[in-house]
Amino acid sequence: MASPLDIQNRALAKLGQPPLRAPGDNTTAGRFMVANYDLIRQAELRINFWNFAMRRVYLNNQVDSGGNAIAPAFGYEFIYNLPSDCIRVAYVNDIYNGLDLAEYRNQDSSEYKVEGKTIVTSFSSPMQLRYVADVTDSSQYDLYFVESLACKIAAEGCETITQSLQKAQKLEAAYARAINVAKSCGAMENPPQSMPDNTWLISRIS
């Protein structure tokens, strides 16, 4: 599997640049990677529900020194801390965030809200959470994630490393193709997921 250095050198190959001999080489490319690799990697993890990065946990709500639940200022009953490696929340208690059957609402009826590094909700403890983790071990990466990440690094670093805006535009297009393939491959690994019914459908069958 690809190491971080392999991924960075894959990006440099797309730029027509020589590879780094070691992480953090004192070159323009090496300095760019030190400053930007982790930021770009985390952004790429956040944009999709990557199968290799999905995690499941049970969470306990925040309590005070007396063991009493700490409630948000208003709206919900409990506060849960997100895992330290959480990049993106996928599901809470397997709630699918789709359309409901209410035609008119004058208040928020959301089951939960992500606020900062917490979730506020009225779901009692223990609460189920599925999330995208900040996976730093590149040996776990899907091959198409590696390819899309390399394309994104190349596109982001193109102007700094090569001073070519024209090449940057081509790399953005290559990235768009790579990320679409990566998402399609990930989706095909899982069984079809039913979409929630909406009011139009219910009205047709009722």
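For the structure itself, look to the data block above.
Given the structure is predicted, the values throughout are model-derived calculations rather than measurements. (Residues numbered from 1 in each chain as written. Predicted model: local features only at pLDDT ≥ 70, side-chain atom pairs only at ≥ 80, totals over all residues. Heavy atoms only, no water.)

Novice: Describe the packing of helix α2 (residues 28-46) against helix α3 (residues 143-162), and please don't skip the residues or the numbers.
Specialist: Two numbers describe a pair of packed helices, the interaxial angle and the distance between the axes. Interaxial distance between α2 and α3 falls to 9 Å at its minimum, and their mutual angle equals 135°. It follows from the interaxial angle that α2 and α3 lie oblique. Seen from above, α2 lies across α3 with right-handed handedness. Where α2 approaches α3, its residues Thr28, Ala29, Phe32, Met33, Tyr37, Ile40, Arg41, Glu44 and Leu45 are matched on the opposing element by Phe145, Ser148, Leu149, Lys152, Ile153, Glu156, Gly157, Thr160 and Ile161. Grouping the constituent residues of the contact of α2 with α3 by class yields ten nonpolar, four polar and four charged. (Axes fitted to C-alpha atoms, helices over the stretch in contact; angles between N-to-C directions. Helix = DSSP H or I, 4+ residues; strand = E, 2+ residues; numbered from the N terminus. Parallel < 35°, antiparallel > 145°, perpendicular 65-115°, else oblique. Left-handed = near helix turned anticlockwise from the far one by under 90°. Contact = heavy atoms within 4.5 Å. Nonpolar A, V, L, I, M, F, W, Y, C, P; charged D, E, K, R; others polar.)

Novice: How would you summarise the sheet that holds strand β2 (residues 78-81) if you had to cite specific residues and measurements?
Specialist: Spatial strand order, β2-β5-β4: three strands in an open sheet with antiparallel pairing. Every interior strand has two partners, whereas the edge strands, β2 and β4 (112-115), have only one. Neighbouring strand axes in the sheet, compared pairwise and without regard to direction, differ in orientation by 25° on average. As judged from the four bridges shared by β2 and strand β5 (residues 118-121), these two strands associate in the antiparallel manner. From the neighbouring strand, Tyr80 faces β5, where its bridge partner is Ile119. (Pairing = 2+ DSSP bridges.)

Novice: Would you mind going over the pattern of salt bridges in detail, with residue names and values included?
Specialist: Scanning the model with the defined rule gives seven salt bridges in all. For the salt bridge of Arg41 with Asp38, the shortest nitrogen-to-oxygen distance reads 3.2 Å. Here Asp38 and Arg41 lie together in helix α2, a separation of three residues that amounts to about one turn. For Glu172, the salt bridge goes to Lys152, with nearest N and O atoms at 3.8 Å. Within this pair, whereas Glu172 is found in helix α4 (residues 165-188), its partner Lys152 is found in helix α3, the two being separated by 20 residues in sequence. Classification of Glu172 as partly exposed rests on a relative accessible area of 34%. The class of Lys152 is buried, set by a relative accessible area of 16%. Each member of the salt-bridge network shares a partner with another, and the members are Arg10, Lys14 and Glu147. (Salt bridge = Lys/Arg side-chain N within 4 Å of Asp/Glu carboxyl O. Buried < 20%, exposed > 50% of the residue type's maximum accessible area, 1.4 Å probe, protein only.)

Function cannot be read off these values alone, since they describe shape.
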